Amino acid sequence: MRKKIIAGNWKMNMTPSEAKDLIRLLKDGCNTDSSDVVFIVPSIDVTTAAECLKGTQIKLGTQNFYFEDKGAFTGEISAKMILDAGGEYVIIGHSERRTIFKEDDAMINKKLKKAHAEGLKPILCCGESLSLREDGTYKAFIEGQIKSAFEGVSEEEVKNTVIAYEPIWAIGTGKTATADEAEEVCKMIRDCIKAIYSEDAGETIRIQYGGSVNGSNAKELFEKLDIDGGLVGGASLKDDFIKIVNYKA
Ligand code: PEP
């Protein structure tokens, strides 16, 4: 039985002071018994957020990091910095990083391996554009993203990875994939992990859906067999996030 994991990706929102207010609003309402709940905050908010979340089971993460240990990489942060500040998870390969910041498959693979080497828990994003969805090549494209991201990653590490299937056309658009569309791809990703690694790895890895998840559609999505929770953008910045986390209630 896989435990659900519901993560809020705050993106470039919330100053440290605003983060305090948002955490105050959300922390007591989120039921962490049946799901892992993670706040994925801007890096500059991690220390403040860690302080505010003391005494709760809510986990913290960041939206990016660099795969080197230290040195002349102006503007970047390392895995060790995140861990030391109280972060536990990191998003790798979000479509906004891939498109706006030109992160390619090779870099994403390096980041995935480094996160595991340092004990940071990665949430690896994949997903197709609208044109790939429409021309029918989306499954092959996503399979390619998965194969390249996991090159050189061990079976044990795969089991400790979370994959987020996020169709780009559904991110921030209000256009959610139907539960059946999301399930189809999450199952395909699971089968892909089984084919590369083993039945056990495929059954163990947690696969989220992301793309305009909200308090009204979370239940239908998260009840699907191969959807182990969600990566939530816009709705993680308001109290609707509590409804998403407590979707069973
Ligand atoms: C995201 O940024 O990962 C995301 C899914 O955003 P939204 O929920 O706003 O579509």
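About the criteria used
- Residues numbered from 1 in each chain as written.
- Predicted model: local features only at pLDDT ≥ 70, side-chain atom pairs only at ≥ 80, totals over all residues.
- Heavy atoms only, no water.
- Salt bridge = Lys/Arg side-chain N within 4 Å of Asp/Glu carboxyl O.
- Helix = DSSP H or I, 4+ residues; strand = E, 2+ residues; numbered from the N terminus.
- Buried < 20%, exposed > 50% of the residue type's maximum accessible area, 1.4 Å probe, protein only.
- Near = heavy atom within 4 Å.
- Polar contact = N/O pair within 3.5 Å; in protein donor to acceptor, adjacent residues only side chain to side chain.
- Nonpolar A, V, L, I, M, F, W, Y, C, P; charged D, E, K, R; others polar.
- Contact = heavy atoms within 4.5 Å.
- Pairing = 2+ DSSP bridges.
- Axes fitted to C-alpha atoms, helices over the stretch in contact; angles between N-to-C directions.
- Core = buried A, V, L, I, M, F, W, Y, C linked by side-chain atoms within 4.5 Å.

**A word on the pattern of salt bridges**
Going through the model one piece at a time under the given rule, you end up with 26 salt bridges. As a salt-bridge pair, Asp-69 and Lys-114 come within 2.6 Å of each other at their nearest N and O atoms. You can see Asp-69 sitting in the loop between β3 (59–62) and α3 (79–85) and its partner Lys-114 sitting in helix α5 (residues 105–118), a full 45 residues away along the chain. Among the residues examined, Asp-69 registers a relative accessible area of 43% and is labelled partly exposed. Among the residues examined, Lys-114 registers a relative accessible area of 15% and is labelled buried.

**Observations concerning the site of the ligand**
Neighbouring the ligand are 14 residues, the closest being Lys-11, Glu-166, Gly-172, Ser-212 and Gly-233. Between the ligand and Gly-234, the relevant distance is 2.8 Å, taken from an oxygen atom to a main-chain nitrogen or oxygen of the residue. Split by residue class, the shell around the ligand holds 4 nonpolar, 8 polar and 2 charged.

**Some details on the side chain of Lys-114**
Within the structure, Lys-114 has its side chain in polar contact with the side chain of Glu-118 (distance 2.8 Å). Filtering out sequence-adjacent residues up to four positions away, Lys-114 remains in contact with Phe-65, Phe-67 and Asp-69.

**Notes on unusual backbone geometry**
With a phi close to 55°, Lys-11 is a non-glycine residue in the positive phi region. By the element assignment, Lys-11 lies in the loop between β1 (4–9) and α1 (16–26). A positive phi angle is found at Met-14, which is not glycine, with a value near 85°. On the basis of relative accessibility, which here comes to 23%, the residue Met-14 falls in the partly exposed class.

**With respect to the sheet that holds β1**
For sheets, the rule is that strands pair by backbone hydrogen bonds, running either parallel or antiparallel. The parallel closed barrel is built from 8 strands, whose spatial order is β1-β2-β3-β4-β5-β6-β7-β8. Taking each pair of neighbouring strands and ignoring which way they run, the sheet shows an average axis angle of 25°. Bridge count for strand β5 (residues 121–126) against strand β6 (residues 162–165) is 4 bridges, and the pairing is parallel. Bridge pairing in β6 places Leu-124 opposite Ile-163.

**Observations concerning the nonpolar core**
Counting 65 residues, the largest nonpolar core has Phe-39, Phe-150 and Ile-189 as the members making the most contacts within it. Here the element with the most residues in this core is helix α9 (residues 179–196); it accounts for 8 residues. With near-sequence residues (within four places) excluded, Ile-189 lies in contact with Cys-126, Ile-142, Ile-146, Ile-163, Tyr-165 and Ile-207. Formed by 11 residues, the second largest nonpolar core is a distinct cluster that contains Ala-7, Ile-91, Ile-123 and Ala-164.

It is worth stressing that arrangement in space is one thing and function is another; only the former is reported here.
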